[in-house]
Amino acid sequence: MPKMKTTLTALAVSAVAMAATSGAAVAREQIKIVGSSTVFPFATTVAERFGKNTSFKTPVVESTGSGGGLKLFCAGVGVEHPDITNASRRIKASEVAKCAKNGITDIVEVKIGYDGIVLANSRKSDPYKLTLQDVFLALAKDVPDGDGKTMANPYKTWRDVNAELPDVKIEVLGPPPTSGTRDAFVELAMEGGCKKFEWIKAMKKADKKAYKSLCHTIREDGAFIEAGENDNLIVKKLNANPGALGIFGFSFLDQNSDSVQGSTIDGEAPEFEKIADGSYPVSRSLFFYVKKAHIGTVPGIEDFLAEFANEDTWGEDGYLTDKGLIPMGDEERAEWEAKVKSLTNLSM
Amino acid sequence: MTDFIESTPRLRRRHAAESRFRWAGRIAIFISLGFLAVMTVSIGWTAVGALTQTHIALDVDLGPQAVDPAKAESMRFGKIVKKALRDRFPDVKKRKDKRKLYGLLSPDAAFELKRQILANRELLGGTRKIWFTSSDTANIYAKGTLTTAAVKDTRQFGAEQAGWIDALEADGNVEQRFNTRFFTSGDSREPELAGILSALVGSMLSLAVCFALSFPIGIFAAIYLEEFAPKNRISELIEININNLAAVPSIVFGLLGLAIFLNVFGLPRSSPLVGGMVLSLMTLPTIIIASRACLRGVPPSIREAALAMGASPIQATFHHVAPLALPGMFTGAIVGMARALGDTAPLLMIGMVAFIVDIPKSLLEPATALPVQIFLWADSPERAFLEKTSAAIIVLLVFLVAMNLAAIILRKKFEIRF
């Protein structure tokens, strides 16, 4: 026993000693990436291939959400801070300012493609044909009452919303407010349907705050169910409940298209080609941001960018499309590839 | 013999109450065991799928025209693998269909071929039959998880691919093999390549740090508090705080780790060193409480006898009391570590919830942990990750059971009853 005790003490002491000496930041051998959970599957795929095809180490990718990623990214320059952050929305002016305050003035913006947000239901029932207006009326907390005023959402079934829709209770499973998918859904689908009403659209100029609260507030009476950040869970729940609709990213529809089907929105089905050419109305752009100051300090960043901005990766037949990324058009891709090559600074 | 206690209604009620209580207890145990069984069986059932992996054999042209033996090391083999697929199914002409055809094999196929050639140079010089790992969708189709009826609807996997696999299977070129990769490789975006090893090593490194820090600190704290500390307000306050700390949600320790270990000490993010330090914060109170209980279990007569024989208090403690309490302390430590093994929340804050392919070789390299790996796989869109998730859960359960078993054995073997 005494011998073991000495070994244990030695171990503990060495661990503490190591902790103390490593305080001075160690040079990093691999790229560190943080950010959006939507971009995570794509960033990790590229990271893995990059690690396999080059002599560099495989980058470490952390899924922190877009906002969390930018917060870490903008915390400063130096190896203890990440080199790249993924985002399922564009960087905000306030974030650029925060970055600048911490000495990060040179940021390269890279757009990688698009993601569609779908409203899907189980294949056991018929597919829905929705319009943006239906989505807004079914899910908003307050809806127009017909004479330019608002009322608490009275609709119980889809037929109440639109006579052409089935007589099924409104039940929609969606992500919680912390999710980027929810933000994008609210901005694109809810607001999209909301501003179809002329008087609400006019309100945007007069009273932006009231407009936002009307268009962006989701009802809380049980018709919209927050199902957590896990999209797989929503897919499973849809299978168990054929009457319900679920909101999630296109890649989950793509991977589970044998059990769930996407609703058409304004007559457009959530299909790969339709999202790519922009005719499907609920789609968003995906980005990542690179800290220019780290290029040259952390090995491999330029090569990683070259791996990403490559036809075999993000092109129409690139391997990211297998993972559900919707690529940009040829011209747009060429434009962004040129920006990546020249490491053009972000301009808002 | 007649009952000398008369069977009054009151007595009958008391007996009925007794038997009702017994039955309620039995039903409670039955229900909880039932839930446990349903959970284990359903996870185990899905996990079995991860133990095997579909392999597809192709005739690959490795003749001198295709591969220059002198340059095999630097060559990329993607084209050769694709050509082998086209040769096997020459009817596939359209670009889109060709892409689907290439999708039968894992993206790793070209590297697999290269590894096989570099390991066995004799493969070069002619057409050889080579086994490749299939892609994830081909794998679940070949195993029957993806039904033929469902096949026509998925974009990644159409009726054509199902037909190709059926054709290959008819020639005996499809095989289910034991999935060694699951136990020998790190994480991957491709379900067929994903393995548990990097997470397992990460967990072991974190636990090693956790044990090295929390065990000695924990038992010395316990010994001091129990044997030497004066009993006054301050020591009472400390005791209450330790008990409170044991009940603090683990995410709080994660936040503490983020604020102190990462931001103040500047230790590397995502490293098992920080992970272990955070976990040790979490297990320390448990160990201290368990160790104190063990020390209290040593009868005072032992202490008094040692003191009476002229031992100093420190000798009495370290020569007589602590050795007797040690098996119990170990048990407490192992139970605390088992809890640490299964915890994800504190690791979230310090960046261990990350995609990490390389297997960590030191305490400072980025690493992830078993429960984190489960979380990440459960969150992935690819269908084939479902069985990997279940398999990873089983691996975690095996480790938890092993640790708890070790704790029980230690206690049974070394425990001294007074």
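From a predicted model like this one, the values you see are computed outputs, not experimental measurements.

Undergrad: Please explain the overall build of chain A as it appears in this structure.
TA: The helix and strand tally for chain A stands at 16 helices and 13 strands. With the principal axes as the frame, chain A shows a C-alpha extent of 75 × 60 × 40 Å. In chain A, which comprises 348 residues, the proportion classed as buried is 53%. When contacts within chain A are restricted to residue pairs at least 6 apart in sequence, long-range pairs at least 24 apart make up 72% of them. Surface exposure of chain A reaches about 14700 Å², of which carbon and sulfur atoms provide 54%.

Undergrad: Help me understand the overall build of chain B, please; the structure alone is not making it clear to me.
TA: Within chain B, the secondary structure is distributed over 17 helices and four strands. Scaling as 2.2 N^0.38, a compact globule of 418 residues should have a C-alpha radius of gyration of about 22 Å, whereas chain B reaches 30 Å, well beyond that. Counting across all 418 residues of chain B, residues that qualify as buried make up 47%. Residue pairs at least 24 apart in sequence account for 77% of intrachain contacts in chain B once pairs closer than 6 positions are excluded. Looking at chain B as shown, the accessible area adds up to about 20900 Å², and 65% of this sits on carbon and sulfur atoms. Charged side chains in chain B number 46 positive and 35 negative. The centres of these two groups are separated by 3 Å.

Undergrad: What is the right way to look at the domain arrangement of chain A in this model?
TA: Residue and element names in this part refer to chain A. Here chain A is partitioned into domain 1 (26-114 + 284-342) and domain 2 (116-283). Averaged C-alpha coordinates put domain 1 and domain 2 at centres separated by 30 Å. Taken together, the contact pairs eleven residues of domain 1 with 14 residues of domain 2. A combined buried area of about 940 Å² lies between domain 1 and domain 2, and 58% of that area is made up of carbon and sulfur atoms. Between domain 1 and domain 2 we count zero salt bridges in total. Put simply, domain 1 and domain 2 have one residue pair in polar contact (both at pLDDT 80 or more) between them. Here the side of domain 1 that touches domain 2 is built from residues that sort into four nonpolar, four polar and three charged.

Undergrad: Help me out: how do you make sense of the interface of chain A and chain B in this one?
TA: The parts lose accessible area when they come together, and the size of an interface is often stated as this lost area. Contacts between the two partners involve 51 residues from chain A and, on the opposite side, 51 residues from chain B. The junction of chain A with chain B conceals about 4400 Å² of combined surface from both sides, 53% of it contributed by carbon and sulfur atoms. Of all residues in chain A, A:Glu48, A:Gln255 and A:Asp258 bury the most surface against chain B, accounting for 13% of the area lost on that side. Our count for the chain A to chain B interface comes out at seven salt bridges. In this structure, A:Asp317 and B:Arg99 form a salt bridge, with 3.2 Å as the shortest nitrogen-oxygen distance. Joining chain A to chain B, the criterion identifies 19 residue pairs in polar contact (both at pLDDT 80 or more). Mapped by element, the contributors of at least two residues to the side of chain A that touches chain B are helix H1 (2-21), helix H2 (40-53), strand S2 (60-62), helix H10 (231-240), helix H11 (250-255) and helix H15 (319-322) of chain A. A per-element tally of the side of chain A that touches chain B places H1(A) first, with nine residues. Looking at the side of chain A that touches chain B residue by residue, the class counts come to 17 nonpolar, 17 polar and 17 charged. Bridge count for S2(A) against strand S4 (residues 354-355) of chain B is two bridges, and the pairing is antiparallel. Counterpart to A:Val61 in the pairing with S4(B) is B:Phe355.

Undergrad: Explanation requested: the pattern of salt bridges in the structure shown.
TA: Opposite charge on two side chains permits them to pair, given that their charged atoms come into close proximity. Using the criterion set out here, one finds 36 salt bridges over all chains in the structure. A salt bridge links A:Lys57 to A:Glu29; the nearest nitrogen and oxygen atoms lie 3.5 Å apart. Note that A:Lys57 is positioned in the loop between H2 and S2 and A:Glu29 in the loop between H1 and strand S1 (32-35), a separation of 28 residues in sequence. Between B:Lys143 and B:Glu387 there is a salt bridge, with its nearest N and O atoms 3.1 Å apart. Taken together, the positions of B:Lys143 in helix H5 (residues 136-143) and B:Glu387 in helix H17 (residues 385-414) put the pair 244 residues apart, joining distant regions of the chain.

Undergrad: I tried to follow the state of the cysteines on my own but got confused; where do I start?
TA: In protein structure, a disulfide is the covalent linkage between the sulfur atoms of two cysteines. All names here are of chain A. All told, the structure shown has two disulfides over all chains when counted by the stated rule. The side chain of Cys74 participates in a disulfide bridge whose partner is Cys99; the two sulfur atoms lie 2.0 Å from each other. Looking down the S-S bond of the Cys74 and Cys99 bridge, the torsion is -75°, so its handedness is left-handed. Residue Cys74 is located in the loop between helix H3 (66-73) and strand S3 (84-87), and its partner Cys99 is located in helix H4 (residues 93-101); the two are separated by 25 residues in the primary sequence.

Undergrad: I tried to follow unusual backbone geometry on my own but got confused; where do I start?
TA: Most of the time, phi is negative for any residue but glycine, and the peptide bond is trans. Residues and elements named next belong to chain A. Despite not being glycine, Leu343 has its phi angle at roughly 50°, a positive value. With respect to the helices and strands, Leu343 occurs in the segment after helix H16 (330-342). You can call Leu343 buried: its relative accessible area is 14%.

Undergrad: What's the story with the nonpolar core in this structure? I'm lost.
TA: Side chains of a nonpolar character, in soluble globular proteins, are inclined to be buried together. One finds A:Ile112 and A:Phe248 to be the most contacted residues of the largest nonpolar core, which totals 156 residues. Leave out the neighbours within four places in its chain, and A:Phe248 touches A:Gly116, A:Ile117, A:Val118, A:Ala120, A:Thr181, A:Asp231, A:Ile234, A:Val235, A:Leu238, A:Leu253 and A:Val260. With 35 residues, the next largest nonpolar core counts B:Met75, B:Leu105, B:Leu123 and B:Leu124 among its residues.

Conventions we followed
Residues numbered from 1 in each chain as written. Chains lettered and ligands numbered in written order. Predicted model: local features only at pLDDT ≥ 70, side-chain atom pairs only at ≥ 80, totals over all residues. Heavy atoms only, no water. Helix = DSSP H or I, 4+ residues; strand = E, 2+ residues; numbered from the N terminus. Buried < 20%, exposed > 50% of the residue type's maximum accessible area, 1.4 Å probe, protein only. Contact = heavy atoms within 4.5 Å. Areas by Shrake-Rupley, 256 points an atom, 1.4 Å probe, with all protein chains shown as cover. Rg over C-alpha atoms; globule rule 2.2 N^0.38 Å. Lys, Arg positive; Asp, Glu negative; His and termini not counted. Charge placed at Lys NZ, Arg CZ, Asp CG, Glu CD. Domains from an automatic or database assignment. Buried area = accessible area lost by both parts, 1.4 Å probe. Salt bridge = Lys/Arg side-chain N within 4 Å of Asp/Glu carboxyl O. Polar contact = N/O pair within 3.5 Å; in protein donor to acceptor, adjacent residues only side chain to side chain. Nonpolar A, V, L, I, M, F, W, Y, C, P; charged D, E, K, R; others polar. Pairing = 2+ DSSP bridges. Disulfide = S-S within 2.5 Å. Core = buried A, V, L, I, M, F, W, Y, C linked by side-chain atoms within 4.5 Å.

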